[in-house]
Amino acid sequence: MERIIIDCDPGHDDAVALAMARGLSDKIKVEAIIATYGNQSIDKTLTNTLNLAQALKYDAPVYTGSLRPLIRERVAAGYIHGENGLAGPVFPPCTRYCNGNGITTALDLVINNPGEITFVSVGPFTDLAVCIKADPRFAKSLKRIVVMGGAINRSGNVTPSAEFNVYADPEAAQIVFNSGVDVVMFGLDVTLQLTLSDEIIENVKKMPATSYTPIFLAAMECYVAACKEYVHDYPSMHDPCTIAYLADPSIFEFERRSVQVDCKSELNYGRTVAAFPNGEGNVLVGVKAYKEKFWSLFYEALSRLP
Ligand code: BDR
Ligand code: CA
């Protein structure tokens, strides 16, 4: 059983990651969900996280993470995920509430369970970096870190050089990649291999409905429309890669690398740069996704939702 903390900024694809983790609860135990700023401000991402936790019938408590990046000004991705950060679904009144501070919770959980907890980060890396800097026992006690962020062999999606989660807080990402902890990185190299299609949406419509089905369909309608307008393609399942990996690592192929983040240049600010592959480094960089395996796990996870 993989015991995880999931740190997210929902976010259309974050929502799918939360849904998959819930559906795969025979393999993944979500110990805590932290909402961080990212796609939108923390008030919006926290509201979305609480709504999703209720809709998905999560037992796991929901915490609040960082309000802003370590150094840079905050940037958002409202043009993709909407003004409220999760355009599309309409949720009933929420009875879930924020259980407190995500940073102190993550520190306690990880340090008190050495070698047990995987930190999954699918938004800006700020919370992870703050925990790493706050107490050296945190990095030593983590089982591993699994992130969505960066790109090594291709251009970015928010600037020609940078992917959104790393660009949102490059200094934090640099701390994480250089923490010495084993990092599994799902950057655009691999996440862009998993684009949604009309066929996949139609297949979900044909499945027996769960309480998540209308949320998924309404969210994807907006996500698809925004990506067609701004990215000129169907949206990718970026964040769900992290969860799919934990349930079935054989869906992906990796190269072991060291990764640095450009925090200095104007043009390449937030670019992830991988050292030449020599079999060394603390980062397993995802380079290939086996699509059929991924989508069959996706359907399986959704079919098991309450
Ligand atoms: C990442 O940016 C966000 O908009 C998505 O939720 C994902 O985490 C993709 O670059
Ligand atoms: Ca995200």
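Residues numbered from 1 in each chain as written. Chains lettered and ligands numbered in written order. Predicted model: local features only at pLDDT ≥ 70, side-chain atom pairs only at ≥ 80, totals over all residues. Heavy atoms only, no water.

Taken across its eight residues, helix α12 (residues 240–247) has eight buried, putting it largely inside the fold. Three or more residues of α12 are buried, namely Pro240, Cys241, Thr242, Ile243, Ala244, Tyr245, Leu246 and Ala247. (Buried < 20%, exposed > 50% of the residue type's maximum accessible area, 1.4 Å probe, protein only. Helix = DSSP H or I, 4+ residues; strand = E, 2+ residues; numbered from the N terminus.)

This part covers the site of ligand 1. Close contacts around ligand 1 come from Asp13, Asp14, Asn39, His81, Val122, Met148, Asn157, Glu163, Phe164, Asn165, His238 and Asp239, and that covers them all. Asn39 has a polar side-chain atom sitting 2.6 Å from an oxygen atom of ligand 1. In the complex, the protein chains occlude 95% of the 280 Å² of accessible area that ligand 1 would expose alone. More than half of the atoms of ligand 1 fall within 2 Å of the grid points belonging to the largest pocket. Mapped onto the shell around ligand 1, the elements with two or more residues apiece are α1 (12–23) and α7 (164–167). Grouping the amino acids of the shell around ligand 1 by side-chain chemistry returns three nonpolar, five polar and four charged. (Near = heavy atom within 4 Å. Polar contact = N/O pair within 3.5 Å; in protein donor to acceptor, adjacent residues only side chain to side chain. Areas by Shrake-Rupley, 256 points an atom, 1.4 Å probe, with all protein chains shown as cover. 1 Å grid on protein atoms, 1.4 Å probe; cavity = no way out; pocket = protein on both sides within 12 Å on 5 of 7 lines; lining within 4 Å. Sits in = over half its atoms within 2 Å of the grid points. Nonpolar A, V, L, I, M, F, W, Y, C, P; charged D, E, K, R; others polar.)

Our next topic: the packing of helix α10 (residues 198–206) against helix α13 (residues 291–303). Helix packing for two helices is described by the angle between their axes and how far apart those axes are. Here α10 crosses α13 at 30 degrees, and the two axes come no closer than 11 Å. Relative to α13, the element α10 lies roughly parallel. The element α10 and its partner α13 pack so that their crossing is right-handed. Contacts from Ile200, Asn203 and Val204 in α10 reach Trp295, Phe298, Tyr299 and Leu302 in α13. Partitioned by chemical class, the residues of the contact of α10 with α13 number six nonpolar, one polar and no charged. (Axes fitted to C-alpha atoms, helices over the stretch in contact; angles between N-to-C directions. Parallel < 35°, antiparallel > 145°, perpendicular 65-115°, else oblique. Left-handed = near helix turned anticlockwise from the far one by under 90°. Contact = heavy atoms within 4.5 Å.)

In this section: the pattern of salt bridges. One pass over the full model with this rule turns up 13 salt bridges. Notably, a salt bridge pairs Lys27 with Asp26, separated by 3.8 Å at the nearest N-O pair. Exposure remark for Lys27: the relative accessible area of 28% places this residue in the partly exposed category. Classification of Asp26 by relative accessible area gives partly exposed; the value is 44%. Linked through salt bridges whose partners overlap, the residues forming this network are Arg3, Lys29, Glu31 and Glu116. (Salt bridge = Lys/Arg side-chain N within 4 Å of Asp/Glu carboxyl O.)

The next subject is the coordination of the calcium ion (ligand 2). Around the calcium ion (ligand 2), the donor atoms from the protein are Asp9 (OD), Asp14 (OD), Asp14 (OD), Val122 (O) and Asp239 (OD), and they sit 2.3 to 2.6 Å away. The motif formed by the donor residues of the calcium ion (ligand 2), counted along the single chain, is D-x4-D-x107-V-x116-D. Of the two residues, Asp14 sits in helix α1 while Val122 sits in the loop between β4 (117–121) and α5 (126–134), which places them 108 residues apart along the sequence. Exposure class is identical for Asp14 and Val122. Each is buried. (Donors = N, O, S within 2.8 Å, 3.2 Å for Na, K, Ca; no water.)

Attention now goes to empty space enclosed by the protein. One simple way to see leftover space: roll a probe sized like a water molecule over the atoms. Taken as a whole and judged by the stated rule, the model has one cavity of 30 Å³ or more. There is about 50 Å³ of room inside the largest cavity. In this structure, the largest cavity is lined by Val204, Met207, Pro208, Thr210, Tyr212, Thr213, Phe216 and Leu302. By residue class, the composition of the lining of the largest cavity is six nonpolar, two polar and no charged. (Points joined across faces, edges and corners; volume = space filled by probe spheres on them.)

Approximately 450 Å³ is the volume found for the largest pocket. Lining of the largest pocket is provided by 29 residues; of these, Ile80, Asn157, Tyr223, Val231 and His238 occupy positions nearest its centre. Of all the secondary-structure elements, those providing two or more residues to the lining of the largest pocket are α1, α3 (78–81), α7 and α11 (213–230). A class-by-class count of the residues in the lining of the largest pocket yields 14 nonpolar, eight polar and seven charged. As a volume, the second largest pocket reaches approximately 170 Å³. The wall of the second largest pocket is formed by Ala21, Arg22, Ser25, Ile28, Lys29, Val30, Lys57, Tyr58, Asp59 and Ala60. Taken together, the elements giving at least two residues each to the lining of the second largest pocket come down to α1 and β2 (28–35). When the residues that make up the lining of the second largest pocket are grouped by side-chain class, the tally is five nonpolar, one polar and four charged.

Attention now moves to helix α8 (residues 170–177). Summarising burial for α8: six of the eight residues are buried, a large majority. Turning to α8, its buried residues number three or more, namely Pro170, Glu171, Ala172, Ala173, Val176 and Phe177.

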